[in-house]
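A closer look at the structure
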Amino acid sequence: EGFKNVIQIPLGFDPNYFYPDSNKRLKIRTRLGINKTVIAYFGRIVEEKGVQLLIEALYGLNDLEWIFMIDKFDEYSSNFNKKIFNLINKYNLNEKIIFVDPNHYEIASYMNAADIIVSPSISSNKWKEQYGRVPAEAMACGKIVVASDSGFLPELIKNNGYIFIEGNVIALQNILRNLILENNFSLNAKVISNFAKMNLSLVKQKTVMVNKFNQFI
């Protein structure tokens, strides 16, 4: 577009809310009766977010012990929502799913309760994953993030999570299987959280903006 002076800033999360918290983790897991690996999806239930691919991948992991945590949604509010419910029923996954309904101030607690957070977005002719607030917040909580290579996600996560080729259910399934079997979810939690805070939080956003503004003073 001809711009000569462009600077990139993160869509900063608030580190006062998003950080590793073992107390919040225990509280949510106790309340929900969870004692297994939690694979979670947070976000909109729309086709481009790829939740249908995640469900396909989970079907191939039925021999392992895990729980799938997903935001509660209305089966009848869209044809795509109906499709997701049909997939869940088709693969007999109901007993392995927990639907949650956290508000804005609770989402960090539920992220802490999870072990693996997946962002399986799919690009189209009209859309790519522009940023991905959920992966940034999840990493801030020290969580392992598994994301597709749609849009900006690889640049966002860098070497602090796992990237698979978008749409590749088998690749996603293999990553999840290995993570569940390794069962080392807290191994690099502090490193991941620090990366997010230093590079993707409001702290970083403020620093970049102030430094830039000071050039014009």
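Above: the structure in question.
Just so it is clear, the structure is predicted and the values come from calculations on it, not from any experiment.

Calculation notes
Residues numbered from 1 in each chain as written. Predicted model: local features only at pLDDT ≥ 70, side-chain atom pairs only at ≥ 80, totals over all residues. Heavy atoms only, no water. Pairing = 2+ DSSP bridges. Helix = DSSP H or I, 4+ residues; strand = E, 2+ residues; numbered from the N terminus. Axes fitted to C-alpha atoms, helices over the stretch in contact; angles between N-to-C directions. Salt bridge = Lys/Arg side-chain N within 4 Å of Asp/Glu carboxyl O. Buried < 20%, exposed > 50% of the residue type's maximum accessible area, 1.4 Å probe, protein only. Expected span 1.5 Å × (residues − 1). Arc of directions from axis to C-beta. Polar contact = N/O pair within 3.5 Å; in protein donor to acceptor, adjacent residues only side chain to side chain.

**A short note on the sheet that holds strand β4 (residues 116-119)**
The 6 strands lie next to each other as β3-β2-β1-β4-β5-β6, forming an open sheet whose pairing is parallel. With partners counted over all chains shown, the strands left at the sheet margins are β3 (97-100) and β6 (162-164), one partner each. Here the average twist between neighbouring strands, direction ignored, is 25°. The pairing of strand β5 (residues 144-148) with β6 spans 3 bridges and is parallel.

**Thoughts on the pattern of salt bridges**
Pairing between side chains of opposite charge can happen when their charged atoms approach one another. Evaluation of the coordinates by the stated rule reveals 8 salt bridges. Of the charged contacts in the structure, one is a salt bridge between E129 and K49, with a shortest N-O distance of 2.9 Å. Separated by 80 residues along the polypeptide, E129 in the loop between β4 and α5 (133-140) and K49 in the loop between β1 (37-41) and α2 (51-59) bring together distant segments of the chain. Side by side, E129 and K49 carry an identical accessibility label, which is buried.

**As for helix α9 (residues 202-214)**
Given a rise of 1.5 Å per residue, 13 residues ought to cover 18 Å, and the 18 Å separating the end C-alpha atoms of α9 matches this to within 8%. All of the buried residues in α9 are Q205, V208 and K212. Buried residues along α9 cover an arc of 70° about the axis, so they all sit on one side. Looking at where α9 begins, the residue whose side-chain oxygen comes 3.2 Å from the main-chain nitrogen of V203 is S201.

On their own, these measurements won't tell you what the molecule is for.
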